[in-house]
Amino acid sequence: MSEEELIEQLKTQIIEALSLEDITPADIDPDAPLFVEGLGLDSIDAIELMLLLERNYNIHIDDPKKRREVLTSVRTMAQLIQSQGKE
Amino acid sequence: MQAYINSTGIISPQQTYDGTFFAAPIVNTDSMILNAMEPVYKEIINPVLLRRMSHVIKMGLGASNLCLKAAEGIRPDAVVVGTGLACLYDLEKFLLSIDDYHEKMLSPIPFINSSHNTVSSQIAIMNKLTGYNITYCHRAISFESALMDSLMLIAENKADNVLAGGIDEFLHNYYTIFNLLSYWRKETISNLSLFEGSHPGSIPGEGAAFFLLGKEKNEKTLAKLTDVQTFVTKCDVSYLKNEIDNLLQRNGLERKDVDLFLLGRNGDNQHDGIYLDLEKILPETSCVAYFKHLCGEYMTASSFATWVAANILKTENIPDCLIKKAPAQSQIKRILIYNHYLEKEHGLILLEAK
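Residues numbered from 1 in each chain as written. Chains lettered and ligands numbered in written order. Predicted model: local features only at pLDDT ≥ 70, side-chain atom pairs only at ≥ 80, totals over all residues. Heavy atoms only, no water.

(A) A look at the packing of aromatic side chains. Evaluation of the coordinates by the stated rule reveals 18 aromatic pairs over all chains. A centroid spacing of 5.5 Å and a plane angle of 75° characterise the contact between Phe-21 of chain B and Trp-307 of chain B, whose relative ring orientation is edge-to-face. Here Phe-21 of chain B is found in the loop between β1 (3-11) and α1 (47-50), whereas its partner Trp-307 of chain B is found in helix α11 (residues 301-315), with 286 residues between them in sequence. With a relative accessible area of 15%, Phe-21 of chain B lands in the buried category. Overall, the relative accessible area of 2% leaves Trp-307 of chain B in the buried class. Ring pairing ties together the aromatic residues Phe-170, Tyr-174, Tyr-175, Phe-178, Tyr-183, Trp-184 and Tyr-341 of chain B, which thus form one cluster. Directly above the aromatic system of Tyr-101 of chain B lies the positively charged group of Arg-55 of chain A, at a separation of 3.8 Å from the ring centroid. (Phe/Tyr/Trp six-rings, centres within 6.5 Å; stacked < 30°, edge-to-face > 60°. Helix = DSSP H or I, 4+ residues; strand = E, 2+ residues; numbered from the N terminus. Buried < 20%, exposed > 50% of the residue type's maximum accessible area, 1.4 Å probe, protein only. Lys NZ or Arg CZ within 6 Å of the ring centre and 35° of its normal.)

See the structure below:
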């Protein structure tokens, strides 16, 4: 799966996991910040996104600093999944 | 003890969320479930918070927000909620996820929503209400318990205004379990023909109704909440008669002083007998009306009845869709609501014109 295909898959999974009812995949900029700006997510959403990575891609991150880096944007999430060969 | 109903907000199977009193056509459906007719929640609840709310929380916050909006700036000193089954759907979801994911990787949202007092807490958080906050989960007398607590808060000068409400949602698992006990009607009927013939089973419903109860009345006051009584026992009509007479006597009244008896008959011939027996001993001059063909059966259905009664007293009009026995006199000044659940939990609510 290419990075762009993985990004599209992640967008759909994020919308479902966070119940973003009025948002379509096309509305999500893969390079925009997920938190505060962009989608305007918060700390509870961060937990849901970590669960998404664990449940769907078997990726567990213990280091809080690393978590923040991974959850910067949809693209950084996709790049982590690809770097671990979990796509 | 008494309080004035100074505003209401309700989401029910009828079009009531717009603040009108049965102005829209009455819902007549053979769907065998009376689901709530809901407003566009984004217009009354912050959309950012809305996406994490389950159905029962949306109904509760929606109805409470409508009530506070109608109160035009009066802020309650206390929030008191009654709910029979509370957030059981989210609790089931949370417990199932514990099993599905072997006690790991649990989503926080069903957990946040799973507590029985989530609605009253969310009302407080959203409206920055830092006072007394409580939820009564007393099965079918939950709403009456909430009203009693509210009346006591006002009587003891611990609050001038209390936001009190009743909420319950339709739950598939609850429906399935009670269907095994023939609690729901087997054959397809419309809700408006619920009282035709004699058959086992009723129709399930759901809803949320909130009331701003105040120590003082104002120009928006709908009615006066005079007294509330509950009892939990399997009883016959003579026991019920004594309970009604006790409630009326302590308010200086007799049965003949009640203009309208609003009864929670639900069309289930296994449990309707006590309502029919009661009707036989009511004064000739009293009007009798039913309400569960409009809202369905649920544990806090008496909150819908309270909204109906308050609006009858305000408008001085009983909609035809409610009347079982027409009033002998045109003015309705006093209404007694009687409701029971499986003949075990009984509630009496007395309301009067302001």
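(B) Focus on empty space enclosed by the protein. Residue and element names in this part refer to chain B. Enumeration over the complete set of coordinates arrives at two cavities of 30 Å³ or more. Here the lining of the largest cavity is built from residues that sort into seven nonpolar, one polar and three charged. Among the domains, domain 1 (3-214) and domain 2 (223-352) are the pair contributing at least three residues each to the lining of the largest cavity. If you add up the space inside the second largest cavity, you get close to 40 Å³. Taken together, Val-56, Val-81, Thr-83, Ala-86, Cys-87, His-116, Val-119, Thr-135 and Ile-167 make up the full set of residues lining the second largest cavity. (1 Å grid on protein atoms, 1.4 Å probe; cavity = no way out; pocket = protein on both sides within 12 Å on 5 of 7 lines; lining within 4 Å. Points joined across faces, edges and corners; volume = space filled by probe spheres on them. Nonpolar A, V, L, I, M, F, W, Y, C, P; charged D, E, K, R; others polar. Domains from an automatic or database assignment.)

(C) Main features of unusual backbone geometry. All names here are of chain B. Although it is not a glycine, Met-105 sits at a positive phi angle of roughly 50°. Relative to the helices and strands, Met-105 resides in the loop between α3 (88-100) and α4 (108-113). A relative accessible area of 26% means that Met-105 is categorised as partly exposed. For Lys-128, which is not glycine, the phi torsion reads 55° and is therefore positive. Locating Lys-128 in the fold gives a position in the loop between α5 (118-127) and β3 (132-136).

(D) Looking closely at the packing of helix α1 (residues 3-17) of chain A against helix α4 (residues 74-83) of chain A. Residues and elements named next belong to chain A. Where α1 contacts α4, the two axes come as close as 9 Å, and the packing angle between them is 115°. α4 is crossed by α1, and the crossing has right-handed handedness. Facing α1, whose interface residues are Glu-3, Glu-4, Leu-6, Ile-7, Leu-10, Lys-11 and Ile-14, α4 presents Val-74, Arg-75, Met-77, Ala-78, Gln-79, Ile-81 and Gln-82. When its residues are assigned to classes, the contact of α1 with α4 shows eight nonpolar, two polar and four charged. (Axes fitted to C-alpha atoms, helices over the stretch in contact; angles between N-to-C directions. Left-handed = near helix turned anticlockwise from the far one by under 90°. Contact = heavy atoms within 4.5 Å.)

(E) The layout of surface pockets, seen in detail. Looking at the largest pocket, its volume works out to about 620 Å³. Mapped onto the lining of the largest pocket, the elements with two or more residues apiece are α1 and α2 (43-57) of chain A together with α3 and α4 of chain B. In terms of residue count, α2 of chain A provides more of the lining of the largest pocket than any other element does, five residues in total. Of the residues belonging to the lining of the largest pocket, the class tally is nine nonpolar, seven polar and nine charged. What the second largest pocket holds in volume is close to 450 Å³. Looking at the second largest pocket, it is lined by 24 residues, and the ones nearest its centre are Thr-8, Asp-18, Gly-19, Leu-66 and Ala-70 of chain B. Of all elements in the fold, only β1, α2 (55-70) and α11 of chain B reach the threshold of two or more residues within the lining of the second largest pocket. Ranked by the residues each element gives to the lining of the second largest pocket, the list is headed by β1 of chain B, at five residues. Tallied by class, residues from the lining of the second largest pocket come to ten nonpolar, nine polar and five charged. Residues lining the lining of the second largest pocket come from more than one domain, with at least three contributed by each of domain 1 (3-214) and domain 2 (223-352) of chain B.

(F) Highlighting helix α9 (residues 273-280) of chain B. All names here are of chain B. Every buried residue of α9 is accounted for by Ile-274, Tyr-275, Leu-278 and Glu-279. Taken around the axis of α9, the buried residues stretch over an arc of 140°, which confines them to a single face. Those residues of α9 that are buried are in contact with α8 (237-249), β7 (260-263), β8 (287-290), α10 (292-295), β9 (323-325) and β10 (334-341). (Arc of directions from axis to C-beta.)

(G) Representation of the sheet that holds β9 of chain B within the structure. All names here are of chain B. Here eleven strands make up an open sheet; going across it, the order is β3-β2-β4-β5-β1-β6-β11-β10-β7-β8-β9 and the pairing mixed. On the outer flanks of this sheet lie β3 and β9, each paired with one strand and no other. Here the average twist between neighbouring strands, direction ignored, is 25°. Of the pairings in the sheet, the one linking strand β2 (residues 78-82) to strand β4 (residues 161-168) comprises five bridges and is parallel in character. (Pairing = 2+ DSSP bridges.)

(H) Structural context of the nonpolar core. Residue and element names in this part refer to chain B. One finds Leu-213, Leu-225, Leu-262, Phe-304, Ile-312, Leu-322 and Ile-335 to be the most contacted residues of the largest nonpolar core, which totals 48 residues. Sort the elements by how many residues they give to this core and α11 lands first, with nine residues. Counting residues domain by domain, this core receives three or more from each of domain 1 (3-214) and domain 2 (223-352). One finds Ala-36, Val-79, Val-119 and Leu-212 within the second-largest nonpolar core, a separate group that totals 28 residues. (Core = buried A, V, L, I, M, F, W, Y, C linked by side-chain atoms within 4.5 Å.)

(I) Focus on helix α6 (residues 142-155) of chain B. Residues and elements named next belong to chain B. In a regular helix each residue adds 1.5 Å, so 14 residues correspond to 20 Å; α6 covers 20 Å between its end C-alpha atoms and thus fits that length. Taken together, the buried positions of α6 are Ser-142, Phe-143, Glu-144, Ser-145, Ala-146, Leu-147, Asp-149, Ser-150, Leu-151, Leu-153 and Ile-154. Positive phi appears at Asn-157, one or two residues downstream of α6, with a value of about 60°. (Expected span 1.5 Å × (residues − 1).)

(J) Molecular detail of the interface of chain B and chain A. Listed per partner, the contact involves eleven residues of chain B and 14 residues of chain A. Carbon and sulfur atoms make up 50% of the area that chain B and chain A hide from each other, which totals about 1,100 Å². Three residues, Arg-51, Arg-52 and Met-105 of chain B, lead the burial of chain B against chain A; their summed loss comes to 54% of the area buried on that side. Our enumeration of links across chain B and chain A arrives at four salt bridges. The partner of Asp-22 of chain A in a salt bridge is Lys-42 of chain B, and the shortest N-O contact between them spans 3.0 Å. Where chain B packs against chain A, one counts seven residue pairs in polar contact (both at pLDDT 80 or more). (Buried area = accessible area lost by both parts, 1.4 Å probe. Salt bridge = Lys/Arg side-chain N within 4 Å of Asp/Glu carboxyl O. Polar contact = N/O pair within 3.5 Å; in protein donor to acceptor, adjacent residues only side chain to side chain.)

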